[in-house]
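Working through the structure, step by step
Okay, here's what each chain looks like letter by letter:
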Amino acid sequence: MTKFIIDTDPGVDDAIALVLARQEAYPILGLSLVAGNVHLETAKTNVFRLAKFLGRKLPIYLGSPGPITRPLETAGEIHGQDGLGESNLPYEDYPVSGEAVDFLIRSAQEEEDLCIFALGPLTNLALALRKNPQAFEGSRLIIMGGAYQVKGNTSDLAEFNFYVDPEAADEVLRNFPGDLDLVPLDLTSQCIFSKREIAKIARANPAMGNFLESITRLYMEAYAREEGIEGCYINDPMTLLVYERPDLFSYERLAFRVSCQEESRGQLLRRKDQGAKTLRIYYKLKEKEILDYLVEAMSRKSDQGGNQ
Ligand code: BDR
Ligand code: CA
């Protein structure tokens, strides 16, 4: 049976991904936390908030407090200073289970079938690969990151996760020895999750509706301001959908690197050299089916309130 790790920097869309990773479908070994949207300490608090809301205490492994070589840049203007749209959700803490890099390596060694969802900067994954690349030979890694043929969301050329730690992103795309999938902004910007979907969810599952409404309010305002759209992209949850519903997506197999130059920092660039590591890059999705799936999944009462 496939086991899962979610490497995350929650973050509004990370939080929606964690809500979607329901217990019956995703045996999660743990969450490895990384600094990105928010500082590591806030990322941890946000997992406590989600644990309280979902009634599911996922083991927490603390990762890198910042990129491998650069100072951390966070995304408070999009996700709110608390990373969850200033929703101020209640929480209770519980003990951290350990450190992320060794947890990732150990899990990859021990599990026959491991799938890692990477929803933040790739710092933890790059550090784990530096330490023990062979450990990941049999693992699958599904990454949210990069802007290939669309404008970036952090610079004109770069998407946030790759912009924040381009060295890590480049190392992972070049050196990950297992199965690699990339969910770029090109794909996630084709699906707009809006108040209409939240209203449908709220009718079936009011607690989930309130939760989504409170975490996405500022996030949707940022999308209206920055992208001129009504609603938001839900970047990180798309990694789970690619895993669960491959029938709703199209991909190509290509090789990439990530620019570490200042003027093009974080840009996703095609590699054509022979023998370059290829990955599945997703470029097309079926929007209506995906929105229906999300509404259905988050309308289920068992996904909230201690019943998982
Ligand atoms: C990515 O950056 C973060 O702000 C989101 O959580 C997502 O992982 C989108 O560019
Ligand atoms: Ca994220």
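Relevant structure appears above.
Positions within a chain are numbered from 1, following the residues in the order the chain's sequence is written. Each chain is given a letter, starting from A, and each ligand a number, starting from 1, according to the order in which they appear as written. Per-residue local features are limited, in this predicted model, to residues with pLDDT of at least 70; the limit for side-chain atom pairs, both in listing and counting, is 80 or more; totals at the level of whole chains, interfaces and linings are taken over all residues. Excluding hydrogens and water, the side-chain figures rest on all heavy atoms present in the structure.

1. Brief notes about the overall build of the chain
The helix count covers DSSP runs of H or I at least four residues long, the strand count covers runs of E at least two residues long, and both are numbered beginning at the N terminus. Scanning the chain for helices and strands turns up twelve helices and twelve strands. The C-alpha atoms of the chain give a radius of gyration of 18 Å, which matches the 19 Å a tight globule of 308 residues would have. Principal axes of the C-alpha set define a box for the chain whose edges measure 55 × 40 × 40 Å. Three exposure classes are used, based on accessible area relative to the maximum for each residue type with a 1.4 Å probe and protein chains only: buried under 20%, partly exposed in between, and exposed over 50%. The buried share of the chain, reckoned over its 308 residues, is 60%. If you take every contact in the chain between residues at least 6 apart in sequence, the share linking residues at least 24 apart comes to 82%. Values of accessible area rely on a 1.4 Å probe in the Shrake-Rupley scheme; residue burial ignores everything except the protein chains shown. Accessible surface for the chain amounts to roughly 12,300 Å². Of this, 46% is attributable to carbon and sulfur atoms. In this tally, Asp and Glu contribute negative charge and Lys and Arg positive charge; neither His nor the terminal groups of the chain are included. By convention, the point assigned to a charge is CZ for Arg, NZ for Lys, CD for Glu and CG for Asp. Charged side chains of the chain number 34 positive and 46 negative; the gap between the two group centres comes to 3 Å. Atoms considered for the radius of gyration are the C-alpha atoms alone. The globule rule reads 2.2 Å times the number of residues to the power 0.38. Residue contacts follow a heavy-atom distance rule, with two residues in contact if any of their heavy atoms lie within 4.5 Å.

2. Side note on the coordination of the calcium ion (ligand 2)
Protein-derived ligands of the calcium ion (ligand 2) are Asp 9 (OD), Asp 14 (OD), Asp 14 (OD), Leu 119 (O) and Asp 236 (OD), with the metal-ligand distances lying across 2.2 to 2.6 Å. Metal-coordinating donors are taken as N, O and S atoms lying within 2.8 Å of the metal, or within 3.2 Å when the metal is Na, K or Ca; because water is left out, some sites can appear incomplete. Counting gaps between the donor residues of the calcium ion (ligand 2) yields the pattern D-x4-D-x104-L-x116-D. Pair check on accessibility: Asp 9 and Asp 14 agree, each one buried.

3. A short note on the site of ligand 1
By convention in this text, a residue qualifies as near a molecule or strand provided that one of its non-hydrogen atoms is within 4 Å of it. Neighbouring ligand 1 are Asp 13, Asp 14, Asn 37, His 79, Leu 119, Met 144, Asn 153, Glu 159, Phe 160, Asn 161, Asn 235 and Asp 236. Polar contact is defined as a pair of N or O atoms within 3.5 Å, subject to the rule that within protein one atom must be able to donate a hydrogen and the other to accept it, and that residues adjacent in sequence are counted only when both atoms are side-chain atoms. Asp 13 is positioned with one of its side-chain polar atoms (N or O) 2.6 Å from an oxygen atom of ligand 1. Protein contact buries 96% of the 280 Å² of open area that ligand 1 shows by itself. The set of elements that each furnish at least two residues to the shell around ligand 1 consists of α1 (12–20) and α6 (160–164). In terms of residue class, the shell around ligand 1 is made up of three nonpolar, five polar and four charged. Any residue outside Ala, Val, Leu, Ile, Met, Phe, Trp, Tyr, Cys, Pro, Asp, Glu, Lys and Arg is labelled polar, Gly included; the first ten of those are nonpolar and the last four are charged.

4. Remarks on the packing of helix α9 (residues 195–204) against helix α10 (residues 206–227)
Between N-to-C directions, angles cover 0 to 180 degrees, with each direction set by a line fitted to C-alpha atoms, over the stretch in contact for helices. One way to put it is that α9 packs onto α10 with a least axis distance of 7 Å and a crossing angle of 160°. The angle between the axes of α9 and α10 places the two elements in the roughly antiparallel class. Where α9 crosses over α10, the two elements pack in a sense that is left-handed. Mapping the contact onto sequence places Lys 195, Ile 198, Ile 201, Ala 202 and Ala 204 in α9 and Pro 206, Met 208, Gly 209, Leu 212, Glu 213, Thr 216 and Met 220 in α10. Reported orientations rely on four angle classes, namely roughly parallel under 35 degrees, roughly antiparallel over 145, roughly perpendicular from 65 to 115, and oblique for the rest. For any helix crossing, the convention is left-handed if the near helix is rotated counterclockwise from the far helix by under a right angle, and right-handed if that rotation is clockwise.

5. What to know about the packing of aromatic side chains
When the centres of two rings from Phe, Tyr and Trp lie within 6.5 Å, Trp using its six-membered ring, the rings pair. Their planes under 30 degrees apart give stacked, over 60 give edge-to-face, and anything left gives tilted. One pass over the full model with this rule turns up 16 aromatic pairs. Consider the rings of Phe 4 and Tyr 243, whose centres lie 5.2 Å apart with planes at 90°: the pair is edge-to-face. Of this pair, Phe 4 sits in strand β1 (residues 3–8) while Tyr 243 is found in helix α11 (residues 237–244), placing the two residues 239 residues apart along the sequence. In this analysis the charged atom, NZ for Lys or CZ for Arg, is taken to sit over a ring once it is within 6 Å of the ring centre and within 35 degrees of the ring normal. Here Arg 265 stacks its cationic end above the ring of Tyr 163, 4.1 Å away from the centre of that ring. Seen from the ring of Tyr 251, Arg 280 lies directly overhead, with NZ or CZ sitting 5.7 Å from the centre.

6. Some thoughts on the environment of Ser 87
Note that Ser 87 resides in the loop between α3 (76–79) and β4 (98–99). Excluding anything up to four places from it in sequence, Ser 87 contacts Asp 82, Ser 214 and Ile 215.

7. Here we look at the sheet that holds strand β11 (residues 268–271)
Two strands qualify as a pair provided DSSP detects at least 2 bridges between them. A sheet is described by the order of its strands in space; here ten strands give the open sequence β4-β3-β2-β1-β5-β6-β7-β12-β10-β11, paired in mixed fashion. Two strands bound the open sheet, and with one partner strand each, they are β4 and β11. Its contacts with the sheet put helix α4 (residues 100–110) on β1, β2 (28–33), β3 (60–62), β4 and β5 (114–118), and the angle it makes with β2 is roughly 150°.

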